[in-house]
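Residues per chain are reported as follows:
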Amino acid sequence: MRKNPYVEDGIRLQKVLAQAGIASRRAAEELIAQGRVQVDGQIVRGQGLRVDPSRQVIHVDGERVILDETKHIVMALNKPVGVVSTMSDPEGRPTLADLLVDYPERLYYVGRLDIDTSGLLLLTNDGELANRLAHPRYEVPKTYVARVHGEVKPGVRRRLMEGIELEDGPIAVDSFRTLETFGDITTVEIVLHEGRNRIVRRMMEAVGYPVRELVRTQFGPVRLERLQPGTMRRIKGNLLVALYQSVGL
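Let us look at the structure shown here. The structure presented is a predicted model; accordingly, all values stated were derived computationally and were not measured.

Analysis parameters
- Residues numbered from 1 in each chain as written.
- Predicted model: local features only at pLDDT ≥ 70, side-chain atom pairs only at ≥ 80, totals over all residues.
- Heavy atoms only, no water.
- Helix = DSSP H or I, 4+ residues; strand = E, 2+ residues; numbered from the N terminus.
- Buried < 20%, exposed > 50% of the residue type's maximum accessible area, 1.4 Å probe, protein only.
- Phe/Tyr/Trp six-rings, centres within 6.5 Å; stacked < 30°, edge-to-face > 60°.
- Lys NZ or Arg CZ within 6 Å of the ring centre and 35° of its normal.
- Core = buried A, V, L, I, M, F, W, Y, C linked by side-chain atoms within 4.5 Å.
- Contact = heavy atoms within 4.5 Å.
- 1 Å grid on protein atoms, 1.4 Å probe; cavity = no way out; pocket = protein on both sides within 12 Å on 5 of 7 lines; lining within 4 Å.
- Points joined across faces, edges and corners; volume = space filled by probe spheres on them.
- Nonpolar A, V, L, I, M, F, W, Y, C, P; charged D, E, K, R; others polar.
- Polar contact = N/O pair within 3.5 Å; in protein donor to acceptor, adjacent residues only side chain to side chain.
- Salt bridge = Lys/Arg side-chain N within 4 Å of Asp/Glu carboxyl O.
- Pairing = 2+ DSSP bridges.

### Considering the overall build of the chain
For the chain, the helix and strand inventory stands at 7 helices and 17 strands. The principal-axis extent of the C-alpha atoms belonging to the chain is close to 65 × 40 × 35 Å. Counting across all 249 residues of the chain, residues that qualify as buried make up 44%.

If you want it as structure tokens, here you go:
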């Protein structure tokens, strides 16, 4: 049996939607009446529903409403080469914690980038979001740009799209394209949704093109853009909604 989403001392749903900037109260009442609003996974049509926006999940037309961005923290970090994707390191190498010393929130990092790989890493205070972004079930695509040795032959794309066998199982990319070739170095873009250890490096070496330099440029809907190495930016607004929606939250 589904739990009744009504909260005795809560705030009227139409007021919550209006405060979130979804619609005026009158328009919010129409959305509710049309069955376009869900609270905790249940469609609601009554106008008297009171909710607790601090702990309940609300969707309008299937898209999550971020009720309080101060409570849903997601940061995009450009991890530099040489930084370990952990909060501590027994060998004393630089870690993510060193980049977060001025940040008071407890943040979870999503996935990892090996010490020689730079680029986009997500951090969040939402443990469920972190788990889903990292879980292969949700197939969140990640985009990498790699500089490899040699001129990449046309058949490489087909092999990687069809899938190759590695020591820990098969792997296939979602997309692969050559960006440019300069001398004996080729720059390629790779999109895949798996997150196995050093997967891009191992995959490219398996097809005969060792990686010289690797950067992750996109994670789900979030792009690295012009974020400088070692710096962070806050994910907000529609992009934050899209990130939650990408994993069914």
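### Here we look at the packing of aromatic side chains
Inspection of the entire model under this criterion finds 0 aromatic pairs. Taking NZ or CZ as reference, Lys142 lies 5.1 Å from the ring centre of Phe219, over its face.

### Details of the nonpolar core
Grouped together as the largest cluster of nonpolar side chains are 32 residues, with contacts concentrated most on Leu160, Phe176, Ile190, Val200 and Met204. Counting residues per element, the ones that place at least two in this core are β7 (74-79), β9 (118-124), β10 (142-149), α5 (154-162), β11 (164-166), β14 (185-192), α6 (199-206) and β15 (211-219). Per element, the largest residue contribution to this core is 4 residues, and it comes from α6. Contacts of Val200, omitting those with residues within four sequence positions, involve Tyr144, Ile190, Leu192, Val211 and Leu214. Leu120, Val140, Val241 and Tyr244 belong to the second-largest nonpolar core, a separate cluster that totals 22 residues.

### Let's talk about the side chain of Ser118
Within the element layout of this structure, Ser118 appears in strand β9. Leaving out residues up to four positions away in the same chain, Ser118 has contacts with Lys79, Pro80, Val81, Leu113, Leu214, Val215 and Arg216.

### Considering the layout of surface pockets
A volume near 430 Å³ is recorded for the largest pocket. In this structure, the largest pocket is lined by 28 residues; those nearest its centre are Arg112, Leu113, Asp114, Gly195 and Arg196. Among the secondary structure elements, those contributing two or more residues to the lining of the largest pocket are α4 (127-134), β10, α6 and β15. Of the residues in the lining of the largest pocket, the class split is 12 nonpolar, 7 polar and 9 charged. Taken as a whole, the second largest pocket spans an internal volume of roughly 220 Å³. Ile22, Arg64, Val65, Asn238 and Val241 are, among the 13 residues lining the second largest pocket, the residues nearest its centre. For the lining of the second largest pocket, the secondary structure elements donating two or more residues are β6 (63-64) and α7 (237-246).

### Digging into the environment of Lys79
Mapped onto the fold, Lys79 is located in strand β7. Between the C-alpha atoms of Lys79 and Gly230, which are 151 residues apart in sequence, the distance is 5.6 Å. When neighbours within four sequence positions are excluded, Lys79 is seen to be in contact with Ser85, Leu96, Leu113, Asp114, Ile115, Thr117, Ser118 and Gly119. A distance of 2.8 Å separates the side chain of Lys79 from the backbone oxygen of Val83, its partner in a polar contact.

### Things to note about the pattern of salt bridges
Scanning the entire structure with this criterion turns up 15 salt bridges. Across the salt bridge formed by Arg177 and Glu189, the nearest N and O atoms sit 2.8 Å from each other. Of this pair, Arg177 sits in strand β13 (residues 175-182) while Glu189 sits in strand β14, placing them 12 residues apart in sequence. Given the relative accessible area of 47%, Arg177 is considered partly exposed. Glu189 gets classed as buried once you look at its relative accessible area, which sits at 18%. Note that Arg196 and Glu194 form a salt bridge whose closest N and O atoms lie 2.8 Å from each other.

### Concerning unusual backbone geometry
A positive phi angle is found at Asp40, which is not glycine, with a value near 55 degrees. Position of Asp40 relative to the elements: it lies in the loop between β2 (37-39) and β3 (42-43). The residue Arg198 is not glycine, and still its phi comes out positive at about 50 degrees. If you trace the backbone, Arg198 turns up in the loop between β14 and α6.

### Things to note about the pairing of β9
For β9, the buried fraction is high: 7 of the 7 residues fall into the buried class. Pairing analysis gives 6 bridges linking β7 to β9, with the strands arranged antiparallel. Within β9, the position partnered with Asn78 by the bridge is Leu120. Taken together, the 3 bridges between strand β8 (residues 108-110) and β9 define a ladder with antiparallel strand orientation.

### Details of the sheet that holds β3
The strand order across the open sheet formed by 4 strands is β3-β2-β5-β6, and the pairing between neighbours is antiparallel. The two strands at the open ends of the sheet, each matched to only one other strand, are β3 and β6. In terms of strand pairing, β2 meets β3 through 2 bridges, oriented antiparallel. Paired with Val39 across the strands is Gln42, a residue of β3.

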